[in-house]
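# Breakdown of the fold
Take a look at the letters that make up each chain.
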Amino acid sequence: MTSPLLSPVTLGALDLKNRFVMAPLTRTRTGEARVPGAMNAEYYRQRAGAGLIVSEATAITPEAVGYQWTPGLWNDEQVAGWRTVTEAVHAEGGRIVAQLWHVGRVSHSSFHADGMPVSSTDTAAEAKSFTAGGYVDTSVPRRLRADEMPRVVADFRRATVNAVAAGFDGVEVHAANGYLLEQFLADGVNDRDDSYGGSVENRVRLTLEVLDAVVAATGSAGTVGIRLSLGNGTAGTTDSDPAAVLAHLGAELDRRGLAYVHYVEPVGESGRDTALTAALRSTWTGPFVLAQGFTPETGAAAVAEGRADAVAFGRAFISNPDLPERHRVGADLTEADPSTFYGEGAQGYTSYPAVTDQERDSTAA
Ligand SMILES: Cc1cc2nc3c(=O)[nH]c(=O)nc-3n(C[C@H](O)[C@H](O)[C@H](O)COP(=O)(O)O)c2cc1C
């Protein structure tokens, strides 16, 4: 029987040829100018067999930056650079959305003209930032004022307009992994007493304002997805009742009819925790993408069981550019080398072969 991961699926307005999603993967290979180039276009082209590629997290504005050599989407050069990437993916019949990123406090003073990242709070994250000086502790942030929120929302809106101009098929709002939007969602971080803090309704406010602006900018909720990871506690973003936040958010997202919700399912020492997924799906009834720790086999089972419509693979796509094809023919998977996840150059980036390349090489040898 054909694997359920290999059947087509529709997420909102996005028609996917299979249910393999390439997870967003920061690779720090777009240089000081944060502009994608030929090597980046080749990397994404190699992975266009995925039903959907979610781009590496892409900063919406200089304020949103927290790492060395990560890409942006705020100027014309970045739009032109990303256009070469989207054209390369489309030429291979692939689909790609831009992951829109604001790191908030997971950043370092060296990236900010005024010396301070921003956040929901003025306490530092328990995380490292990758800077010109290597991995260093993140800096103490400045607490955003309520009257600055329209500007943050406008930055997301402008980046969305740029993503459309760059030829992306849609955007994924990054509300996961301890970054700015999760710093508002999580009550272990958000210590505000204004309309953006306190109750669940207040903590989800910024995320929903961003989504509404992004949907207005693309003209269709059907090309907009969101990534969530509440419950994982990444970079200190703990919450006292993540199920309640996810259920509330799920209902709000459902009303908006987004293309998909993408959830990083917590995996602990005692295994996979499906309870938070269930809370989110008690109110979100649309297309659902699950991530974290899946193999093609466990991902196929998740689809077969109705736990997900599509499954995102991160590390497996780093070292297996043709992951869906390998799954189809039953080829072995190559192990990814973590020492080249971040850094510079083609080694560990565009150097992993597809099975067809390997067969050709072994025949030639
Ligand atoms: C090198 C690397 C870079 C990552 N960059 C991002 C990112 O830019 N945005 C994001 O949402 N998650 C990012 N993640 C998390 C992955 O998308 C994914 O959730 C994680 O790797 C778990 O999935 P896996 O077990 O299939 O690898 C990154 C993970 C790795 C290993």
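This write-up is about the structure you can find in this document. (Residues numbered from 1 in each chain as written. Predicted model: local features only at pLDDT ≥ 70, side-chain atom pairs only at ≥ 80, totals over all residues. Heavy atoms only, no water.)

## Notes on the environment of serine 282
- Mapped onto the elements, serine 282 comes out in the loop between helix 8 (275–281) and strand 15 (288–291).
- What makes serine 282 exposed here is its relative accessible area of 52%.
- For the pair serine 282 and arginine 328, spaced 46 residues apart in the sequence, the C-alpha separation amounts to 33 Å.
- Within the structure, the side chain of serine 282 is placed 2.6 Å from the backbone oxygen of alanine 279, a separation counted as a polar contact. (Helix = DSSP H or I, 4+ residues; strand = E, 2+ residues; numbered from the N terminus. Buried < 20%, exposed > 50% of the residue type's maximum accessible area, 1.4 Å probe, protein only. Polar contact = N/O pair within 3.5 Å; in protein donor to acceptor, adjacent residues only side chain to side chain.)

## Here we look at the pattern of salt bridges
- Tallied over the full model, the rule gives 21 salt bridges.
- Here aspartate 155 and arginine 158 are joined by a salt bridge, their closest N and O atoms 3.1 Å apart. Of this pair, aspartate 155 and arginine 158 both sit in helix 3 (residues 149–165), separated by three residues, roughly a single helical turn.
- Taking the relative accessible area as the measure of exposure, arginine 158 reaches 43% and is therefore partly exposed. (Salt bridge = Lys/Arg side-chain N within 4 Å of Asp/Glu carboxyl O.)

## Structural notes on the pairing of strand 7 (residues 128–131)
- Across four bridges, the pairing between strand 7 and strand 8 (residues 134–137) is antiparallel. For lysine 128, the partnering residue across the bridge sits in strand 8 and is aspartate 137.
- Between strand 7 and the antiparallel strand that follows it, strand 8, lie two residues. (Pairing = 2+ DSSP bridges.)

## Topic: the pairing of strand 11 (residues 224–228)
- Of all five residues making up strand 11, five are buried, and the element is well covered by its neighbours.
- Burial along strand 11 is two-sided: Val224, Ile226 and Leu228 and Gly225 and Arg227, pointing in opposite directions, are all buried.
- Pairing analysis gives five bridges linking strand 10 (residues 170–175) to strand 11, with the strands arranged parallel. By the bridge assignment, alanine 175 is partnered in strand 11 with leucine 228.
- As judged from the four bridges shared by strand 11 and strand 12 (residues 260–264), these two strands associate in the parallel manner. Residue pairing for strand 12: glycine 225 is matched across the bridge by tyrosine 260.

## Overview of the packing of aromatic side chains
- Inspection of every chain in the model, using the stated rule, returns 10 aromatic pairs.
- Geometrically, the ring pair formed by phenylalanine 20 and phenylalanine 313 is tilted, given 5.2 Å between the ring centres and 35° between the ring planes. Note that phenylalanine 20 is positioned in strand 3 (residues 20–22) and phenylalanine 313 in strand 16 (residues 310–313), a separation of 293 residues in sequence. In this structure, phenylalanine 20 and phenylalanine 313 share a single accessibility class: buried.
- Ring geometry for tryptophan 101 versus tyrosine 179: centroids 5.4 Å apart, planes at 90°, classification edge-to-face. (Phe/Tyr/Trp six-rings, centres within 6.5 Å; stacked < 30°, edge-to-face > 60°.)

## A closer look at helix 7 (residues 242–256)
- Taking 1.5 Å as the rise per residue, helix 7 with 15 residues should run 21 Å; its terminal C-alpha atoms sit 21 Å apart, in good agreement.
- Of the positions making up helix 7, those classed as buried are Pro242, Val245, Leu246, Ala247, Leu249, Gly250, Glu252 and Leu253.
- Looking at the buried side of helix 7, the elements it contacts are helix 4 (180–185), helix 5 (200–203), helix 6 (205–218), strand 11, strand 12 and helix 8.
- Glycine 257, located one to two residues past helix 7, shows a positive phi value of around 65°. (Expected span 1.5 Å × (residues − 1). Contact = heavy atoms within 4.5 Å.)

## Considering the packing of helix 6 against helix 7
- At a minimum axis distance of 11 Å, the contact between helix 6 and helix 7 shows a crossing angle of 15°. Comparing their axes, helix 7 and helix 6 come out roughly parallel. Considering how the two elements wind past one another, helix 6 and helix 7 form a crossing that is right-handed. Taken together, the residues of helix 7 that come into contact with helix 6 (itself represented by Leu208, Leu211 and Asp212) are Leu249, Glu252, Leu253 and Arg256.
- A per-class count over the contact of helix 6 with helix 7 returns four nonpolar, no polar and three charged. (Axes fitted to C-alpha atoms, helices over the stretch in contact; angles between N-to-C directions. Parallel < 35°, antiparallel > 145°, perpendicular 65-115°, else oblique. Left-handed = near helix turned anticlockwise from the far one by under 90°. Nonpolar A, V, L, I, M, F, W, Y, C, P; charged D, E, K, R; others polar.)

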